[in-house]
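Report on the structure
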Amino acid sequence: MKNETCLASKPKTSQFYVDVVTGLQLSPKRLNSKYFYDAVGDKLFQDLMNCEEYYPTNCELEIFSQQTAQIANAIIADGSPFDLIELGAGDATKSSFLLKYLLEQKADFRYLPIDISDNIISYLNITLPVVLPGLQITGLNGEYFDMLKQANENSSRRKVVLFLGSNVGNMPVDVATDFCAEVRNHLSPGDSMLIGIDLKKNPATVLAAYNDKQGITKRFNLNLLERINRELNADFDVAKFEHYPTYDPETGACKSYLVSLADQTVKIADMTDIHFLKDEYIFMEISQKYTVAQTNEMATAAGFKTAEQFLDSKNWFLDAVWVAE
């Protein structure tokens, strides 16, 4: 990938390097989960979504495949032309149901998937026009709000933002509310957001999804250390770190850590030493779960009104249409 070549040639000046070193010098240590998604991480996440315990994908896929018309009607709204902007598009498996239906209904829209992975955007730009003839697509590779700003500058059409897969759960509640408010700041009254949110459920079900028997989640987390090795000339020994997930049913916070199995020192970019004590952890990711009432509160706090709600048959997952006020 082009960005990997750039990072390898100038690791000490890259944002990736700055974020990694800054995070690992904090106490407690942490890494930014957005860096999970290089080409290897993309593949591991696809594997994770297909594993038995990881329920969110199947729940949301059920919603999109069985309630496609209702979702489409909610976002078509008054029938005016619109830009359908997907934040963190991934392989667009779920949104493809919606895209196909919108094309069949001859809706006047353009699809703008946004993803930090140029591997994903290249894939979408090449494959979607083939499998969905007639689709107008412009993939945008970059940070969400940078690309939202670009989308606004390029078009004055009504905006419908997709934020699926419970990506909003990758933030603590206050940060998630601020994020949704910032999305609202990039929208005009009457624009909307279709947001996928994982709901609270049996704690054992939640924890199993982030501690699967095949160890895919573990490999997904450890791959970030391997990516740092590849792109930043680091020397992490991944065998000396163990994946450790937790879930608190009271707060709804499911968290993932990597725990150091020994006292060790890791060198990054041949210059920065990061020291680990035995049993010291790196905070990797949060996967926040909500009640339906909490999602309504977040919508209001962020400047939206809840217009429609779509649940899977188990009531484990919610896709809500929020309209900007």
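Now for a quick tour of the structure. (Residues numbered from 1 in each chain as written. Predicted model: local features only at pLDDT ≥ 70, side-chain atom pairs only at ≥ 80, totals over all residues. Heavy atoms only, no water.)

We now examine the overall build of the protein chain. Check the secondary structure of the protein chain and you find 12 helices and 13 strands. At 20 Å, the protein chain has a C-alpha radius of gyration in line with the 20 Å of a compact globule built from 325 residues. Taken along the three principal axes of its C-alpha coordinates, the protein chain extends 60 × 45 × 35 Å. Considering the protein chain as a whole, with its 325 residues, one finds that 52% of them fall into the buried category. (Helix = DSSP H or I, 4+ residues; strand = E, 2+ residues; numbered from the N terminus. Rg over C-alpha atoms; globule rule 2.2 N^0.38 Å. Buried < 20%, exposed > 50% of the residue type's maximum accessible area, 1.4 Å probe, protein only.)

A regular strand carries its side chains on alternate faces of the sheet. When you tally the buried positions in strand β5 (residues 158–163), you get 6 out of 6 residues, the bulk of the element. Every second residue of β5 is oriented toward a common face, with R158, V160 and L162 on one face and K159, V161 and F163 on the other, all of them buried. With 5 bridges joining them, strand β2 (residues 82–87) and β5 adopt parallel strand pairing. In the strand pairing of β5, E86 is matched with L162. Across 4 bridges, β5 lies against strand β6 (residues 192–198) in parallel orientation. Within β6, the position partnered with F163 by the bridge is I195. Each parallel crossover has a hand, and for β5 linked through helix α9 (residues 173–185) to β6 it is right-handed. (Pairing = 2+ DSSP bridges. Right-handed = clockwise from strand over helix to strand, strands pointing away.)

Next up on the list: unusual backbone geometry. Between S27 and P28 the backbone carries a cis peptide bond, its omega angle lying at 0 degrees. Topologically, P28 is positioned in the loop between α2 (15–24) and β1 (29–30). Within the chain, S166 stands out as a residue other than glycine whose phi angle is a positive 55 degrees. Looking at where S166 falls in the secondary structure, it is placed in the loop between β5 and α9. S166 sits in the buried class, given a relative accessible area of 7%. If you check the backbone angles, D279 has positive phi at about 75 degrees while not being a glycine. By the element assignment, D279 lies in the loop between β10 (272–276) and β11 (281–288).

This part takes up the sheet that holds strand β8 (residues 253–260). In spatial order, the strands read β1-β11-β8-β7; together these 4 strands make up an open sheet with mixed pairing. Both outer strands of the open sheet, β1 and β7 (241–248), are each paired with one neighbouring strand and no more. As paired elements, β8 and β11 share 7 bridges and run antiparallel to each other. In the strand pairing of β11, L258 is matched with I282.

The subject of this paragraph is the sheet that holds strand β13 (residues 317–324). As summarised here, the arrangement of the 7 strands in space is β4-β3-β2-β5-β6-β13-β12, forming an open sheet in which the pairing is mixed. One side of each edge strand has no neighbouring strand; the edge strands of this open sheet are β4 (140–141) and β12 (304–311). In the packing of helix α5 (residues 68–76) onto the sheet, contacts are made with β2, β5, β6, β12 and β13, and the angle to β12 comes to roughly 165 degrees. (Contact = heavy atoms within 4.5 Å. Axes fitted to C-alpha atoms, helices over the stretch in contact; angles between N-to-C directions.)

What follows is about the packing of α2 against helix α11 (residues 216–232). The contact between α2 and α11 brings their axes to 11 Å, and the two run at 130 degrees. When the interaxial angle is binned, α2 and α11 end up oblique. Crossing of α2 over α11 shows left-handed handedness. For the pair α2 and α11, contact is made by F16, Y17 and V20 and by L224, R227, I228, E231 and L232, respectively. When the residues that make up the contact of α2 with α11 are grouped by side-chain class, the tally is 6 nonpolar, no polar and 2 charged. (Parallel < 35°, antiparallel > 145°, perpendicular 65-115°, else oblique. Left-handed = near helix turned anticlockwise from the far one by under 90°. Nonpolar A, V, L, I, M, F, W, Y, C, P; charged D, E, K, R; others polar.)

For the structure on display, the rule yields 19 salt bridges. Across the salt bridge formed by D47 and K43, the nearest N and O atoms sit 2.9 Å from each other. With a gap of 4 residues between them, D47 and K43 both fall in helix α3 (residues 39–49), about one helical turn apart. One network of salt bridges, in which partners are shared, links D83, D108, R110, R157 and K159. (Salt bridge = Lys/Arg side-chain N within 4 Å of Asp/Glu carboxyl O.)

So, on to α5. For an α-helix, the turn length of 3.6 residues means that residues three or four places apart are oriented alike. Within the span of α5, buried status applies to T68, I71, A72, I75 and I76. All buried residues of α5 project into a common sector of 130 degrees when viewed along the axis, lining one side. Contact partners of the buried residues in α5: α4 (55–66), β2, α6 (93–104), β5, β6 and β12. (Arc of directions from axis to C-beta.)

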